[in-house]
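Per-entry structural report
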Amino acid sequence: MTGTAARTKRRRLWKLLVPGFIVLYIAMIPLNSVLESEHVEVFPFFKWKLFTHIPDWESFEYGLVIDAIDGEPPAETYYLIPSDDVRDWKALRRVAIACAKDRGCEEDVTDVLYPIIERALGERSIDFSIVKADVDLHELQDNIDDFADGRLTRTDFFRPSEVIAQWNTRTGRLDATLDGG
């Protein structure tokens, strides 16, 4: 009789816990907007964001490298993008993908990248390259203090692996797609 009574008790407990959890879960939904705006996590009730801010240690990004300004090369590698403007990153990514797939590259570069370059450097003759760069954030771990202090920038961890296309703001496309940067 004790085994049957224990099973009945457990079954009754489960019959209360499962519906109770569902009711509590549904009751918590209206609080989502309040809690989310204050960046509070209530796992398992809302999105589990514990790992959302951990980057891939090895990934790639696209960069816009200035090769020459009025025919003169810059003293050191000059990345116009990445910059602080997230819109520029997104625009460059879209254009780089279009150029890599050879779909609408000409129009995208003139309509999207030329205005970004002219806004930053003025209306001059600018040679620039769209590059794909490997990024290894393991290097960042050793230099995190320099990165936090601003002595190193994100592009210090770029390792260009491919030149997607080269352009001049006056003459247009300079080269076909190159590999091996």
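Provided above is the structure to which this section pertains.
This section reports on the structure supplied with the text.

About the cut-offs
Residues numbered from 1 in each chain as written. Predicted model: local features only at pLDDT ≥ 70, side-chain atom pairs only at ≥ 80, totals over all residues. Heavy atoms only, no water. Disulfide = S-S within 2.5 Å. Buried < 20%, exposed > 50% of the residue type's maximum accessible area, 1.4 Å probe, protein only. Core = buried A, V, L, I, M, F, W, Y, C linked by side-chain atoms within 4.5 Å. Helix = DSSP H or I, 4+ residues; strand = E, 2+ residues; numbered from the N terminus. Contact = heavy atoms within 4.5 Å. Bend = angle between axes of the 7 residues up to and from the residue. Salt bridge = Lys/Arg side-chain N within 4 Å of Asp/Glu carboxyl O. Phe/Tyr/Trp six-rings, centres within 6.5 Å; stacked < 30°, edge-to-face > 60°.

**A short note on the state of the cysteines**
- All told, the structure shown has one disulfide when counted by the stated rule.
- Between Cys-99 and Cys-105 runs a disulfide, and the two sulfur atoms are separated by 1.9 Å. Handedness of the Cys-99-Cys-105 disulfide follows from its S-S torsion of about 80°: it is right-handed. The residues Cys-99 and Cys-105 share a single accessibility class, namely buried.

**Focus on the nonpolar core**
- By size, the foremost hydrophobic cluster in this structure holds 25 residues, and its most contacted members are Leu-64, Val-109, Leu-113, Phe-128, Ile-130 and Trp-167.
- Only strand 1 (58-69), strand 2 (78-81), helix 3 (86-100), helix 4 (105-121), strand 3 (126-136) and strand 4 (158-168) provide two or more residues apiece to this core.
- Considering each element in turn, this core owes the most residues, eight residues, to helix 4.

**Here's the deal with the side chain of Glu-61**
- Here Glu-61 shows up in strand 1.
- Contacts of Glu-61, omitting those with residues within four sequence positions, involve Pro-82, Val-131, Lys-132, Ala-133, Val-135, Arg-154 and Phe-158.

**Brief notes about helix 4**
- Within helix 4, the axis deviates most sharply at Leu-113, by approximately 35°, and proline Pro-115 lies no more than four positions further along.
- Directly beyond the C-terminal end of helix 4, a positive phi value near 85° is found at Gly-122.

**Considerations on the pattern of salt bridges**
- Applying the stated criterion across every chain yields a total of four salt bridges.
- With its nearest N and O atoms 3.0 Å apart, the salt bridge here joins Arg-119 to Asp-88. Of this pair, Arg-119 sits in helix 4 while Asp-88 sits in helix 3; the two residues are 31 residues apart in sequence, bridging distant segments of the chain.
- For Arg-94, the salt bridge is made with Asp-108, and the minimal N-O distance between the two is 3.8 Å. Taken together, the residues span a long stretch of sequence, with Arg-94 in helix 3 and Asp-108 in helix 4 at a distance of 14 residues.

**Things to note about the packing of aromatic side chains**
- One pass over the full model with this rule turns up three aromatic pairs.
- For the ring pair Tyr-79 and Phe-158, a centre distance of 5.2 Å and an interplane angle of 75° mean the geometry is edge-to-face. Taken as a pair, Tyr-79 in strand 2 and Phe-158 in strand 4 lie far apart in primary sequence, 79 residues in all. Grouping residues by exposure puts Tyr-79 and Phe-158 together as buried.

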